[in-house]
Amino acid sequence: MATTTKIQPRALVRASGGPRYAAALAVDALGTGLLRPFLLLYGVTVLKLSAPVTGIAMTAGIVVGLVCMPAVGRWLDRGARSTVVAASMLVRVLGVALLSAAPAGHVWLFATAALFLGVGNQAWPAAHAALVATVAHGRERDAALAGGRALRNAGLGVGALLATACLAGGTTALQALAAVTGLAYLAAAALAWSVRLRTRPAAAPAEDGAGGPAPRMRTLLAANVVYVFCLNVPEIALPLVLVTQLRASPVWPAAIFVANTVLVVTLQVPVTVLMSRFSRRTVLTLAGMVLTASYLGFLAATSLGHGWGAPAVATVAVVCTIGEIIYAGSATALVTALAPAHLLGRALARFQLSTGFGLAVSPAVITALASHGPAALWGGLTAATLLSASAVATEKDQGNAAQRSCRRARAGS
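Residues numbered from 1 in each chain as written. Predicted model: local features only at pLDDT ≥ 70, side-chain atom pairs only at ≥ 80, totals over all residues. Heavy atoms only, no water.

### As for the overall build of the protein chain
Stage number 1. What the protein chain contains, in helices and strands, is 17 helices and 0 strands.
Stage number 2. In terms of overall dimensions, the protein chain is globule-like: its C-alpha atoms have a radius of gyration of 21 Å, near the 22 Å expected for 413 residues.
Stage number 3. When the backbone C-alpha atoms are referred to their principal axes, the protein chain occupies close to 70 × 50 × 35 Å.
Stage number 4. In the protein chain, buried positions account for 50% of the 413 residues.
Stage number 5. By sequence separation, contacts in the protein chain at least 24 residues apart represent 86% of the contacts at least 6 residues apart.
Stage number 6. Accessible surface, the protein chain: about 17600 Å² in total, of which carbon and sulfur atoms supply 69%. (Helix = DSSP H or I, 4+ residues; strand = E, 2+ residues; numbered from the N terminus. Rg over C-alpha atoms; globule rule 2.2 N^0.38 Å. Buried < 20%, exposed > 50% of the residue type's maximum accessible area, 1.4 Å probe, protein only. Contact = heavy atoms within 4.5 Å. Areas by Shrake-Rupley, 256 points an atom, 1.4 Å probe, with all protein chains shown as cover.)

Printed below as a string of structure tokens:
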């Protein structure tokens, strides 16, 4: 099994698509960080919409964005790479333009803007993964995907910090942030398009099972819906538990969120490289076990009550973040390894569908479970994640099995 044993920054940038593409990722993430965390606030404050209406419009944008994924997958399988990435950024430019043009009280323009933003946000991960999978191969690809996630989280964090500092300016500041976000998306799209990367699926390297039938991945996709809940634990579950159940200061969830971002930025690539000595499926199973242990830790921490509860939750949050890092470094990489080259786009689109669905339903599921107490929340997440990890561990790679059968047939003849 090929492994990546050390990190070479130049090689990592080259494997990630090159300097211009890395710059496109950074600019896109910075622009996204300026607006996305405050999109709900924009609807309520600038457009004078009610919070429920704003939330419904944003959710509808995410759901409709997922509906577009099969078309994105087919486009990728026709050989497009950088063009799809650029398109995912350009469609968000249109969304920001509609957002800026929407008059106060005009819910349909806001909903349409949220729709275009949702389409771009859902299309980008699959397009990015397909581009990296075309440039890099083997464990170098895994490191490149991890590097892209670290860079994106850094950009999101910096953008959110800049936006937070500007929020004192009120509605004018939010409108200015939207305008800057649109310009950032436009610049990122131009940089991504300038890479001009295409591929012929039939001519792609026959590594990692390329050329075989499309893997079903039903178990992997179902498990991913549960795994992805970990991404909303720092943003939804922990603030809910800390503030409403443990009566802790809002400073605690804010500090946990910052620590989560810093750990992802600094550890995503090193941890992915460290895990490259094991199979991707084994690593993904390990991620589920670490997340399961963290959920049990949260259950124990919340039982400590006010006083020791908040510091204990913050400590366990580090373990949860490590599980998130291991999951993020192995899940997409496993999909790219299982999928034949000529069906890579559709496989990544299906994976993004499961990810987007998990992210869409997790806030409702988490809040519903939390209303029944810590045991229901953390016990439910523990059971579901443990079951998912077990399913991932026992599922057989159909593409690899088909390859072995073909090799045995050729040997026999």
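### Side note on empty space enclosed by the protein
Stage number 1. Under the defined criterion, the tally for this structure stands at 3 cavities of 30 Å³ or more.
Stage number 2. In this structure, the largest cavity spans a volume of roughly 70 Å³.
Stage number 3. Looking at the largest cavity, the residues that line it are Arg139, Asp142, Val271, Thr272, Met275, Ser276, Arg280, Val283, Ile325, Ile326, Gly329 and Ser330.
Stage number 4. Elements supplying a minimum of two residues to the lining of the largest cavity: α8 (138-166), α12 (251-274), α13 (280-302) and α14 (309-338).
Stage number 5. A per-element tally of the lining of the largest cavity places α14 first, with 4 residues. (1 Å grid on protein atoms, 1.4 Å probe; cavity = no way out; pocket = protein on both sides within 12 Å on 5 of 7 lines; lining within 4 Å. Points joined across faces, edges and corners; volume = space filled by probe spheres on them.)

### Brief notes about the nonpolar core
Stage number 1. Tyr227, Leu238, Tyr295, Phe298, Tyr327 and Trp378 are the most contacted members of the largest nonpolar core, which has 84 residues in total.
Stage number 2. Counting residues per element, this core draws most heavily on α14, which supplies 15 residues.
Stage number 3. If near-sequence neighbours (up to four positions away) are discounted, Tyr227 is found in contact with Leu284, Thr285, Ala287, Gly288, Leu291, Tyr327, Ser388, Ala389 and Val392.
Stage number 4. Among the nonpolar cores identified, the runner-up in size contains 20 residues, and Leu39, Leu99, Leu174 and Tyr185 belong to it. (Core = buried A, V, L, I, M, F, W, Y, C linked by side-chain atoms within 4.5 Å.)

### Quick look at a nonpolar patch on the surface
Stage number 1. A cluster of nonpolar side chains, namely Leu30, Val158 and Leu162, defines an oily patch on the protein surface of about 230 Å² accessible area.
Stage number 2. You can call Leu162 partly exposed: its relative accessible area is 44%. (Patch = residues over 30% accessible without salt bridge, like charges linked within 9 Å, V, L, I, M, F, W, Y side chains within 5 Å. Salt bridge = Lys/Arg side-chain N within 4 Å of Asp/Glu carboxyl O.)

### Observations regarding the environment of Leu304
Stage number 1. Position of Leu304 relative to the elements: it lies in the loop between α13 and α14.
Stage number 2. Between the C-alpha atoms of Leu304 and Leu246, which are 58 residues apart in sequence, the distance is 9.1 Å.
Stage number 3. When near neighbours in sequence (up to four residues on either side) are disregarded, Leu304 contacts Gly309 and Ala312.

### Things to note about the pattern of salt bridges
Stage number 1. Applying the stated criterion across every chain yields a total of 7 salt bridges.
Stage number 2. When the shortest N-O distance is used, the salt bridge between Glu324 and Arg149 registers 2.6 Å. Of this pair, Glu324 sits in helix α14 while Arg149 sits in helix α8, placing them 175 residues apart in sequence. Residues Glu324 and Arg149 agree in their burial class; the two are buried.
Stage number 3. One salt bridge in this structure joins Arg281 and Glu395, with 3.3 Å as the shortest N-O distance. Taken together, the residues Arg281 in helix α13 and Glu395 in the loop between α16 (374-394) and α17 (398-412) connect sequence positions 114 residues apart.
Stage number 4. Through salt bridges with shared partners, a single ionic network connects Asp28, Arg92 and Arg152.

### Structural notes on the packing of aromatic side chains
Stage number 1. On inspection of all chains with the given rule, the structure shows 3 aromatic pairs.
Stage number 2. Centre to centre, the rings of Tyr227 and Tyr327 are 5.5 Å apart; their planes meet at 20 degrees, and the pair counts as stacked. With a gap of 100 residues between them, Tyr227 in helix α10 (residues 218-227) and Tyr327 in helix α14 connect regions that are remote in the sequence.
Stage number 3. Linked through ring pairs, Tyr295, Phe298 and Trp378 together constitute an aromatic cluster.
Stage number 4. Here the guanidinium or amino end of Arg92 rests over the ring plane of Tyr185, the centre of that ring lying 4.6 Å away.
Stage number 5. Above the plane of the ring of Trp124 lies Arg152, whose end atom (NZ or CZ) is 4.3 Å from the centre. (Phe/Tyr/Trp six-rings, centres within 6.5 Å; stacked < 30°, edge-to-face > 60°. Lys NZ or Arg CZ within 6 Å of the ring centre and 35° of its normal.)

### A closer look at the packing of helix α4 (residues 51-67) against helix α7 (residues 107-135)
Stage number 1. Where α4 meets α7, the closest approach of the two axes is 7 Å, and the angle between their N-to-C directions is 40 degrees. By the angle between their axes, α4 is oblique relative to α7. Considering how the two elements wind past one another, α4 and α7 form a crossing that is right-handed. Judged by residue contacts, Val53, Thr54, Ala57, Met58, Gly61, Ile62, Val64, Gly65 and Leu66 of α4 engage Val107, Phe110, Ala111, Ala114, Leu115, Gly118, Val119 and Gln122 from α7. (Axes fitted to C-alpha atoms, helices over the stretch in contact; angles between N-to-C directions. Parallel < 35°, antiparallel > 145°, perpendicular 65-115°, else oblique. Left-handed = near helix turned anticlockwise from the far one by under 90°.)

### Re the environment of Val53
Stage number 1. Tracing the backbone through its elements, the reader meets Val53 in helix α4.
Stage number 2. A residue is classified by how much of its surface remains accessible, and Val53, at 35% relative accessible area, is partly exposed.
Stage number 3. In the structure, Val53 is positioned 10 residues away from Gly43 in sequence and 9.0 Å away in space, judged by C-alpha atoms.

### Remarks on the confidence of the model for the protein chain
Close inspection of predicted coordinates is inappropriate in any region flagged by low pLDDT.
Stage number 1. Per-chain confidence: the protein chain averages 88 in pLDDT, with 90% of residues scoring 70 or above.
Stage number 2. When mean pLDDT is taken per element in the protein chain, α13 scores highest with 97 and α17 scores lowest with 44.
Stage number 3. Taken together, the stretch residues 202-210 has pLDDT below 50 and engages in 17 contacts with residues farther than four places along the chain or on a different chain. (pLDDT = per-residue confidence, 0-100.)

### Some details on the packing of α10 against α16
Stage number 1. It is at 9 Å that the axes of α10 and α16 come closest, and there the two elements cross at 150 degrees. The pairing of α10 with α16 is recorded here as roughly antiparallel in orientation. As α10 runs across α16, the sense of the crossing is left-handed. On the side of α10, the interface is formed by Thr219, Leu220, Ala223, Val226 and Tyr227, while α16 contributes Ala384, Thr385, Ser388, Ala389, Ala391 and Val392.
Stage number 2. Along the lines of polarity and charge, the residues of the contact of α10 with α16 split into 8 nonpolar, 3 polar and no charged. (Nonpolar A, V, L, I, M, F, W, Y, C, P; charged D, E, K, R; others polar.)

### Re the state of the cysteines
Note on terminology: disulfide describes a covalent bond linking the sulfur atoms of two cysteines.
Stage number 1. Per the stated rule, a full pass over the model turns up 0 disulfides.
Stage number 2. Not part of a disulfide, Cys230 finds its nearest cysteine sulfur in Cys320, a span of 6.1 Å.
Stage number 3. Overall, the relative accessible area of 1% leaves Cys230 in the buried class. (Disulfide = S-S within 2.5 Å.)

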